[in-house]
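As a plain string of letters, each chain reads:
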Amino acid sequence: MFEVVIGLEVHTQLNTKTKIFCSCATSFGENANTNVCPTCLALPGALPVLNEEAVKKALAFGKAVNATINKKSVFNRKNYFYPDLPKAYQISQFDIPIVEKGELFINVNGENKRIGITRAHLEEDAGKNIHENNLSKIDLNRAGTPLLEIVSEPELKSSDEAVAYLKKLHAIIRFLDISDANMQEGSFRCDANVSIRPKGDTKLYTRVEIKNLNSFRFIQKAIEYEIKRQSEAWEDGTYEKEVIQETRLFDTTNLITKSMRDKEEAAEYRYFPDPDLLPVLLKDEFLSIKIPELPDEKKERFIKDLSIKESDAEILVSSLEMSHFFENLISQNLNPKLCVNWLNTELMGLLKGELTIENSPVDAKKLGKLIQRIEDGTISAKAAKDVLAYVFENTSIEIDQAIKQLGLEQVSDDLAIEVVIEQILNANTDKVLEYKNGKDKLFGFFIGQVMKEGKGAFNPGKVNTILKAKLG
């Protein structure tokens, strides 16, 4: 039996308006090589100037993960040549990062676990290589975009733990509003370092790095494949030959990892302090910046103040968009538990494929109106499901319109309900006598008969009250 050892390196692009060492825009989707200047093109004589906002966003992250924030940090040159890095080196941080020794808590299968964060350091992003047929093109718009690289301790023991860690990290970053963390656009991407060892062994064996993973599903699949590959090599006796320290890419079509290149060591990068950038010295006012309410704090508030179950609260804080949706719902003075049910179960059950809470056809205002109509007795909870499905498909129709068009408005007229109740009681005099002699369970029978006769249109609360009075 083997134990898995996983460490993750996450690169997240900070959402500053300009790049980390120049004033070029960081906007995504512009024409190739338009957001560039002498600095990010590495033209002779062009010098870097540090973006203060990038520093503040790194500090906010450090506070969010209970990390040590170094009052003094240093930028280094990391030397390697890529065609999308015009300088032939990357400005990064090495021995003195801005943030180190943090922590993050995950919950997997009901078990809480602390994962250490080794460091989070600032650096510049590279450009982008575009390969088309026999041509390779380079777009340098992304070169110089501020990155925060977040390195975990090798304390993750499964692909499930790795994904839980990444989802929690992603949520924290979004709640802090330091990055849009859009995985499809590459502003939140992960490198996974995976190794195995016999259970009980404390030695760290050869680790393999899987590069540039940008979806939770592919991260999970890549790690699982690599664990399987290494385990089989160990059992076959080919471990030393097959499992070498290297960088691999994940083939998203065949769901396998493939060798890319030998893994570089820190010494190969020949780090040295960048002579064009002074050390970063933080004033006390920087260290006292305020950060917004984070997922764990928000979850505890929902549980304590709104009496929401922990499992439901976990879903509500799983993303910034989900949290905002729920808070917009309860701001309409609605029952929090009803809001939880209709958001977590009913609406989320309809969101499939490309549809998410962010682009849901039913927004918080419309779902709030539906819940309001349940609370005021206009429609039953059962009918409300039909209304929700209808407005989900017909987005221009409002809740009250849908109720009328579907003919689902409940009858709350006391006289109409009384007439039907009297008919049911007169037709079942024997059961009325049994009920009055102590057979209380027959009350449910009468309710069912009245609702059936009313074809589900009667207000259940009214039926209950009137029936009790008639049987009194």
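Please read these numbers as outputs of a predicted model, since none were measured by experiment.

What to know about the overall build of the protein chain
Logical step 1: The number of helices and strands found in the protein chain is 17 helices and 16 strands.
Logical step 2: Relative to the 2.2 N^0.38 estimate, which gives 23 Å for 472 residues, the radius of gyration of the protein chain is 30 Å and therefore markedly larger than a compact globule would have.
Logical step 3: For the protein chain, the spread of C-alpha atoms along the principal axes amounts to about 95 × 55 × 50 Å.
Logical step 4: Taken across its 472 residues, the protein chain has 47% of its residues classed as buried.
Logical step 5: Taking the intrachain contacts of the protein chain between residues at least 6 apart in sequence as the baseline, contacts between residues at least 24 apart amount to 66%.
Logical step 6: Taken as a whole, the protein chain presents about 24200 Å² of accessible surface, with 50% of it coming from carbon and sulfur.
Logical step 7: Across the protein chain, the 62 positively charged side chains and the 72 negatively charged ones have centroids separated by 2 Å.

A closer look at the pairing of strand E6 (residues 99-108)
Logical step 1: Both strand E2 (residues 68-69) and E6 contribute to a ladder of 2 bridges, which runs antiparallel. Its bridge partner being in E6, threonine 68 is matched across the sheet by glutamate 100.
Logical step 2: Two elements, E6 and strand E7 (residues 111-124), share 9 bridges in a ladder whose sense is antiparallel. Within E7, the position partnered with valine 99 by the bridge is alanine 120.

A look at the packing of helix H10 (residues 336-350) against helix H12 (residues 381-393)
Logical step 1: One way to put it is that H10 packs onto H12 with a least axis distance of 10 Å and a crossing angle of 45°. Relative to H12, the element H10 lies oblique. Between H10 and H12 lies a crossing whose hand is right-handed. The residues of H12 that touch H10, namely those facing Trp342, Glu346, Leu347 and Leu350, are Ala381, Ala384, Lys385, Leu388, Ala389 and Phe392.
Logical step 2: Class assignment of the residues belonging to the contact of H10 with H12 gives a composition of 8 nonpolar, no polar and 2 charged.

With respect to the sheet that holds strand E5 (residues 89-92)
Logical step 1: On the basis of which strands lie adjacent, the open sheet formed by 3 strands has the order E5-E4-E15 and antiparallel pairing. The sheet terminates laterally at E5 and strand E15 (272-273), the two strands that pair on one side only.
Logical step 2: Both strand E4 (residues 76-79) and E5 contribute to a ladder of 4 bridges, which runs antiparallel. Counterpart to asparagine 76 in the pairing with E5 is serine 92.

Here we look at the sheet that holds strand E13 (residues 246-251)
Logical step 1: Spatially, E2-E6-E7-E10-E1-E11-E12-E13-E14 is the arrangement adopted by the 9 strands of the open sheet, whose pairing is mixed. Each edge of the open sheet is held by one strand with a lone partner, namely E2 and strand E14 (256-262).
Logical step 2: Note that strand E11 (residues 188-198) and strand E12 (residues 208-213) share 4 bridges and pair antiparallel. Looking at E12, one finds that alanine 192 is bridged to isoleucine 210.
Logical step 3: Across the sheet, helix H1 (residues 52-64) is in contact with E2, E6, E7 and strand E10 (146-152); its angle to E7 comes to roughly 165°.

What about the side chain of serine 179?
Logical step 1: By the element assignment, serine 179 lies in the loop between helix H2 (159-176) and E11.
Logical step 2: Of the polar contacts made by the side chain of serine 179, one reaches the side chain of threonine 12; its length is 3.1 Å.
Logical step 3: In this structure the side chain of serine 179 is engaged in a polar contact, spanning 2.6 Å, whose partner is the backbone oxygen of glutamine 13.
Logical step 4: If near-sequence neighbours (up to four positions away) are discounted, serine 179 is found in contact with Thr12, Gln13, Leu14, Asn15, Ile173, Arg174 and Ser187.

A closer look at helix H9 (residues 320-330)
An α-helical turn contains 3.6 residues, so any two residues separated by three or four positions project in the same direction.
Logical step 1: Where H9 is concerned, the buried positions are Leu320, Met322, Ser323, Phe325, Phe326 and Leu329.
Logical step 2: In this structure, the buried residues of H9 make contact with H2, helix H7 (295-306), helix H8 (310-316), H10 and helix H11 (364-375).

Considering the pattern of salt bridges
Logical step 1: By the definition in use, this model includes 30 salt bridges.
Logical step 2: A salt bridge links lysine 56 to glutamate 53; the shortest N-O distance between them is 3.7 Å. Here glutamate 53 and lysine 56 lie together in helix H1, a separation of 3 residues that amounts to about one turn.
Logical step 3: Residue classification places lysine 56 among the partly exposed positions, given a relative accessible area of 29%.
Logical step 4: Notably, a salt bridge pairs arginine 373 with aspartate 376, separated by 2.7 Å at the nearest N-O pair.

Describing the confidence of the model for the protein chain
Logical step 1: On average, the protein chain scores 90 in pLDDT, and the residues at 70 or more come to 98%.
Logical step 2: Per-element averaging of pLDDT across the protein chain places helix H5 (residues 266-269) at the bottom with 71 and E10 at the top with 97.

Section: the state of the cysteines
Cysteine pairs can be linked by a disulfide, which is a covalent bond between their two sulfur atoms.
Logical step 1: Here the structure, examined in full by the defined rule, presents 0 disulfides.
Logical step 2: Take cysteine 24: it sits in no disulfide, and the sulfur closest to it among the cysteines is that of cysteine 37, at 3.4 Å.
Logical step 3: Residue class for cysteine 37 comes out buried when judged on its relative accessible area of 17%.

Some points on the packing of aromatic side chains
Logical step 1: Overall, the coordinates contain 9 aromatic pairs when judged by the stated rule.
Logical step 2: An angle of 85° between the planes, with centres 5.5 Å apart, marks the rings of phenylalanine 21 and phenylalanine 75 as edge-to-face. Of this pair, phenylalanine 21 sits in the loop between strand E1 (2-13) and H1 while phenylalanine 75 sits in the loop between strand E3 (72-73) and E4, and the two are 54 residues apart along the sequence. An identical accessibility class is assigned to phenylalanine 21 and phenylalanine 75; each is buried.
Logical step 3: Taking the centre distance of 5.1 Å and the plane angle of 75° together, the rings of phenylalanine 302 and phenylalanine 326 count as edge-to-face.

Analysis parameters
Sequence order as written defines the numbering, with residues in each chain counted from 1. Residues qualify for local features only when their pLDDT is at least 70, as the model is predicted, and side-chain atom pairs are given and counted only at 80 or more; totals for whole chains, interfaces and linings, by contrast, use all residues. Hydrogens and waters are ignored; side-chain quantities use all the structure's heavy atoms. Under the scheme used here, helices are H or I runs from DSSP no shorter than 4 residues and strands are E runs no shorter than 2 residues, and both carry numbers assigned from the N terminus. Here the radius of gyration uses the C-alpha set of atoms, whereas the globule reference equals 2.2 Å times the residue count to the power 0.38. For the exposure calls, accessible area comes from a 1.4 Å probe over protein chains only, and a residue counts as buried if that area is under 20% of its type's maximum, exposed if over 50%, partly exposed in between. A contact between two residues is defined here by any heavy atoms of the two lying within 4.5 Å. Per-residue accessibility takes into account occlusion by the displayed protein chains alone, with areas from the Shrake-Rupley method and a 1.4 Å probe. By the counting rule applied here, Lys and Arg register as positive and Asp and Glu as negative, while His and the ends of each chain are not counted. Here the site of a charge means NZ on Lys, CZ on Arg, CG on Asp, or CD on Glu. One requirement defines pairing of two strands: DSSP has to find at least two bridges between them. What counts as an axis is a line fitted to C-alpha atoms, over the stretch in contact for a helix, and the angles between N-to-C directions run from 0 to 180 degrees. For classification purposes, angles smaller than 35 degrees are called roughly parallel, those larger than 145 roughly antiparallel, those between 65 and 115 roughly perpendicular, and all remaining angles oblique. In a left-handed crossing the near helix is turned counterclockwise from the far helix by less than a right angle, and in a right-handed crossing that turn is clockwise. Under the scheme applied here, ten amino acids are nonpolar (Ala, Val, Leu, Ile, Met, Phe, Trp, Tyr, Cys and Pro), four are charged (Asp, Glu, Lys and Arg), and all others, including Gly, are polar. Polar contacts, as counted here, are pairs of nitrogen or oxygen atoms within 3.5 Å of one another; within protein the pair requires one atom able to donate a hydrogen and one able to accept it, and residues that are adjacent in sequence qualify only if both atoms are side-chain atoms. Within this document, salt bridges are pairs made up of a side-chain nitrogen of Lys or Arg and a carboxyl oxygen of Asp or Glu, the two lying within 4 Å of each other. One confidence number per residue, pLDDT, is output by the predictor and ranges from 0 to 100. Any cysteine sulfur atom paired with another within 2.5 Å is treated as part of a disulfide. What counts as a ring pair is set by centres within 6.5 Å for rings of Phe, Tyr and Trp (its six-membered ring), and what kind of pair is set by the plane angle: stacked under 30 degrees, edge-to-face over 60, tilted for all other angles.

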